[in-house]
Amino acid sequence: MAIKKVEIIVPPREPHFVGDGFRVHNFIPGGFRLDMKRMDPFIMLDYNSKFHFSGTDKPRGVGVHPHRGFETVTIAYQGRVEHGDSSGGGGIIGEGDVQWMTAASGVLHKEFHETEWAKKGGIFQMVQLWINLPTKDKMSPPKYQAIKNSEMNTVDLGENGFVEIISGEYQSEKGPASTFSPINMMNAKLKKNGRADFSFPANFSTALLVIEGSITVNDNEKVLTDHFVLFENEGEAFQIEATEDSVVLVLSGQPLNEPIFSHGPFVMNSKQEIIQAFDDFNTGKFGYLED
Ligand code: MN
């Protein structure tokens, strides 16, 4: 098996606020070649690196807004998030949990810090990904998967640590999330000097985000906390070694290779479909959700 080489290591960009609750470094679509096509089907990645929010009786977050044509995946590393959407999906995701929302034909949703957590405040750390849907699934019904940390299969790597699988497969263990196209998403939780080997098809869009600690990739590329690693779409195998106790989000998905036409909260294949999305939104076809 050929080595999958690092193409570029991307430092976190200046953070900006999404609503008043998410202080994020945007990696996709961003600079460093990471437009919506480069990591297809991962079309957006916002990372709220560790940030302290003070206590408040009015939870911070993002109010009601629509999505169509893709999925939003929220991974809570620290803090708690409460979601609600117009299809009746929603709930609270706690530390280590994942919310996988299929917006597909369209939902309205809102995303806030969970009320009790917000009262106390504390360190908040979260990833939100947008995953594009294949053309044939873009107008399928909305769906919501709440995935508790305890439901994720893990692969024990002995003294190296372990890998916790959200979706896809690692060493024949599968993650609980159902996906519309092949998506491998997992957390490698490694102890100091711990190593983990990965192998994905050469053409898959593959990347890492260092959530905690620091690592060396393929014995020669040093990567610090909050940095993103984009791999070449060639070769299959790579290795991570933790230089201290580390948590690494591993992403690898099969490119859809379909046209992307996006505007704001809608990601479709053509301009006509975006105009339709705005029409449907403006005429109430996304349902109703209270502020
Ligand atoms: Mn949203």
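Everything discussed here concerns the structure shown above.
Here is a short report on the structure shown in this document. Note that the coordinates shown come from a computational prediction; the quantities given were computed from them, not determined experimentally.

### Things to note about the pattern of salt bridges
Applying the stated criterion to the full structure yields 13 salt bridges. Ionic pairing is found between Lys148 and Asp97, a salt bridge with its closest N-O pair at 3.9 Å. Residue Lys148 is found in the loop between strand S12 (143–147) and strand S13 (153–156), and its partner Asp97 is found in the loop between strand S8 (90–93) and strand S9 (98–102); the two are separated by 51 residues along the sequence. Glu169 is the salt-bridge partner of Lys174, the closest N and O atoms lying 3.4 Å from each other. Here Glu169 falls in the partly exposed class, since its relative accessible area comes to 38%. One salt-bridge network, held together by shared partners, links Glu7, Arg33 and Arg38.

### Considering the nonpolar core
Counting residues in hydrophobic clusters, the biggest one holds 31 residues, and the most contacted among them are Ile75, Trp100, Val127, Met185, Phe228 and Leu249. In contact with Phe228, other than residues within four places in its own chain, are Ile8, Ile9, Val10, Phe27, Ile28, Leu34, Leu45, Ala207, Leu208 and Leu209. Within the second largest apolar cluster, 24 residues are counted, among which are Leu208, Ile215, Val217 and Val229.

### A closer look at the coordination of the manganese ion
Metal coordination angles have textbook ideals: 109.5 degrees for a tetrahedral set of four donors and 90 or 180 degrees for an octahedral set of six. Coordination of the manganese ion by the protein comes from His65 (NE2), His67 (NE2), His109 (NE2) and Glu111 (OE), over a distance range of 2.1 to 2.4 Å. Of the residues examined, His65 reaches a relative accessible area of 17% and is grouped as buried.

### So, unusual backbone geometry
In this structure, Pro29 follows Ile28 across a cis peptide bond, with omega equal to -10°. Relative to the helices and strands, Pro29 is located in the loop between strand S3 (22–28) and strand S4 (42–53). At Gln171, a residue that is not glycine, the phi angle is positive and equals roughly 45°. Classification of Gln171 as exposed rests on a relative accessible area of 53%. Residues other than glycine seldom take positive phi values, yet Asn218 does so here, at roughly 50°. As for its position among the elements, Asn218 is in the loop between strand S20 (215–217) and strand S21 (221–223).

### Focus: the pairing of S8
Of the strand pairs in this sheet, strand S7 (residues 81–85) and S8 are connected by four bridges, and their pairing is antiparallel. Paired with Val81 across the strands is Ile93, a residue of S8. The turn linking S7 back onto S8 is made up of four residues, and Gly88 within it adopts a positive phi angle of 95°.

### Side note on the environment of Ile8
Within the secondary structure, Ile8 sits in strand S1 (residues 6–10). Between the alpha carbons of Ile8 and Arg33 there is a distance of 9.3 Å; along the sequence they are 25 residues apart. Sequence-distant contacts of Ile8, that is, excluding residues within four places in its chain, are made with Phe32, Arg33, Phe228, Val229 and Leu230.

### Focus: the environment of Gly287
Note on placement: Gly287 falls in the segment after helix H2 (271–282). Gly287 sits in the partly exposed class, given a relative accessible area of 40%. With 271 residues separating them along the chain, Gly287 and His16 place their C-alpha atoms 30 Å apart. If near-sequence neighbours (up to four positions away) are discounted, Gly287 is found in contact with Ser86 and Leu108.

### Remarks on the layout of surface pockets
Considered as a void within the structure, the largest pocket measures approximately 220 Å³ in volume. Lining the largest pocket are 17 residues, and of these Val18, Asp46, Glu111, Gln128 and Trp130 lie nearest its centre. Mapped by element, the contributors of at least two residues to the lining of the largest pocket are S3, S4, strand S5 (61–67), S7 and strand S11 (122–132).

Scoring rules and cut-offs
Residues numbered from 1 in each chain as written. Predicted model: local features only at pLDDT ≥ 70, side-chain atom pairs only at ≥ 80, totals over all residues. Heavy atoms only, no water. Salt bridge = Lys/Arg side-chain N within 4 Å of Asp/Glu carboxyl O. Helix = DSSP H or I, 4+ residues; strand = E, 2+ residues; numbered from the N terminus. Buried < 20%, exposed > 50% of the residue type's maximum accessible area, 1.4 Å probe, protein only. Core = buried A, V, L, I, M, F, W, Y, C linked by side-chain atoms within 4.5 Å. Contact = heavy atoms within 4.5 Å. Donors = N, O, S within 2.8 Å, 3.2 Å for Na, K, Ca; no water. Pairing = 2+ DSSP bridges. 1 Å grid on protein atoms, 1.4 Å probe; cavity = no way out; pocket = protein on both sides within 12 Å on 5 of 7 lines; lining within 4 Å. Points joined across faces, edges and corners; volume = space filled by probe spheres on them.

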